[in-house]
Amino acid sequence: MKKQLLAGTAIVAASVLIAGGAVAADKKMMKPSISVGGYYEAVVGGILDEDTGADTTALDTRTDAEIYFNGKASLDNGMKISTNVQLESQNNHSQAIGRGSGTVGDPIDEYSISISGSFGKIILGGTGGAPVKMLTGMSGSWATGVGESLSFDDAWVPSVGTSGGQFHRIAHSRLDTGDAEKATYISPKFGGFQVGMTYSPRRANHDDNVRPDTTNQPHDGLEGAVSYSGKFGDVGFAVGAGMTAYQGGTAGGAANTDLSDWLVAARLDFGGGFRVSAAHKRTTDDNEMNQAALTDIGVRFVTGANSFSLAGMHGELDVGDASHTKVMGSYARALGPGTKVNLNLLWNESENRAGTAQNSGLAGIVGIRVNF
C-alpha cells in the first residue's frame, strides 16, 4: 500500500510539471541562467576560562566558507525552476551521514532543484526537509543570533557526552536530518497558514545512487511541518510545529529502532527592532537511551548598523546524566553591503551520560563575514 501511495504521489507531481498552468502566447521566455554566490567567514577565538580534561591552545583561528552555484529557468507553462549546489571550501570538511552513523568526506554540502508555481514548491535533492525550510526562521537562537551559531560554533569549549547522534538530541534545536536526498512539497500560504511534507528514502546522507539498505539503515522517512504567521497590532508573529519519523532497520537491536522527533517554535517581532524567539524539541526514538528534550531561547535587538543578541540552549537525555547547556551574547556591526564583523562571548557546559565527566568554559570569539 505504501509503495502504491508513493508511486501515485510521484505521478501526480510529474503531472503538475507537465500541465502546470496556461501561459500567455506572447509571454517572453528567458534562457536558463546561472550565478555564483556564497560567503567567507574568518574567526579568531580565545579561551578566557575553562575546566576541561584536555589541554588545548588558548587561541585558535578558524574559517567557514562556501561557494553557491545558483541556476534559474522559466518554463513555457509559467512555472519557475531553481537549482542550488553548495561547495565547501575546507579540504578536510566531512558531513554526518545519519544519526550516530559517523562522517564521510564530501566537498559538496547541499544540492537541490526546486519547481515553483501557484501550487507551491516541490524540492528534490540533498537538502533539509520541510521542518528545516519552514521552522528555522522562528526557532530560538536560529532566529535571533547575530554572530556565531549557538548550535554549530559551540566547540570552542570542548564538550563531553554530545558526540555522534547525541549532538542533534541535546545540542542542536533544529529537526535537521542532514542532507540525505529527499522529495519535499511546501504549499503556498493561505491566510497565513502553510504546510510542508517530505519523503526521504533513507536518513543517512548519500549521493551514491544506491537503493537504501532497509536491513541496517533508518529508511522511508516522513517529515512534516505546519506554520502560521501574521500581525497582531504592531506585533508580528509566527508559530509552527514539525515532526520527523524514520523506520528502523529490520536487523533488530537498539541501533536499528525507529527514529522520531517533534518540535514547536514561535517568534515575536516588536516595534523598534526587538525580536524574541523560542523552540522546544523532543526526541522520542523507540530506543529509550536516545530519548531527550531540548529548549532554545533567544532575543535580538537591531538599531541601524548595530545588532545585539542573547541566546541560550539546554538539553538533557532522559536516561543517564548527559546534558548540554550553553549561552552566547553577540554583537554585530555592518561595515558595508554584505559585510559584518561580530563579537561573541560563549559559555558552554556539558556532562556525559554516566555523569563521570564534566566540561565547562568561557570563550571570546571575533569574526568577520562577507556574503557575496
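In this report, the structure presented in the accompanying data block is examined. (Residues numbered from 1 in each chain as written. Predicted model: local features only at pLDDT ≥ 70, side-chain atom pairs only at ≥ 80, totals over all residues. Heavy atoms only, no water.)

**Here we look at the overall build of the protein**
Phase 1 of the analysis: Across its full length, the protein carries four helices and 18 strands.
Phase 2 of the analysis: Counting only residues that meet the buried cut, the protein has 41% of its 372 residues in that class.
Phase 3 of the analysis: Contacts spanning at least 24 positions in sequence make up 60% of the contacts within the protein whose residues lie at least 6 apart.
Phase 4 of the analysis: Accessible surface, the protein: about 18,600 Å² in total, of which carbon and sulfur atoms supply 60%. (Helix = DSSP H or I, 4+ residues; strand = E, 2+ residues; numbered from the N terminus. Buried < 20%, exposed > 50% of the residue type's maximum accessible area, 1.4 Å probe, protein only. Contact = heavy atoms within 4.5 Å. Areas by Shrake-Rupley, 256 points an atom, 1.4 Å probe, with all protein chains shown as cover.)

**A look at the packing of aromatic side chains**
How two aromatic rings sit relative to each other is given by the distance of their centres and the angle of their planes.
Phase 1 of the analysis: The tally for this structure, following the rule as stated, stands at six aromatic pairs.
Phase 2 of the analysis: The interplanar angle of 80° and the centroid separation of 5.4 Å between the aromatic rings of W142 and F152 together place this pair among those described as edge-to-face. Residue W142 is located in helix α3 (residues 141–144), and its partner F152 is located in the loop between α3 and α4 (166–170); the two are separated by ten residues in the primary sequence.
Phase 3 of the analysis: With a relative accessible area of 22%, W142 lands in the partly exposed category.
Phase 4 of the analysis: You can call F152 partly exposed: its relative accessible area is 45%.
Phase 5 of the analysis: Between F193 and Y228, the ring centres sit 4.4 Å apart and the planes meet at 40°, which makes this aromatic pair tilted. With F193 in strand β9 (residues 193–202) and Y228 in strand β10 (residues 219–232), this residue pair connects regions lying 35 residues apart in the sequence.
Phase 6 of the analysis: Members of the aromatic cluster, joined through ring pairs, are F193, Y228 and F237. (Phe/Tyr/Trp six-rings, centres within 6.5 Å; stacked < 30°, edge-to-face > 60°.)

**Some details on the side chain of N77**
Phase 1 of the analysis: Relative to the helices and strands, N77 is located in the loop between β2 (59–74) and β3 (80–88).
Phase 2 of the analysis: Looking at N77, its side chain comes within polar contact range of the main-chain nitrogen of M79, at 3.1 Å. (Polar contact = N/O pair within 3.5 Å; in protein donor to acceptor, adjacent residues only side chain to side chain.)

Function-wise, these values are silent; they only describe arrangement.
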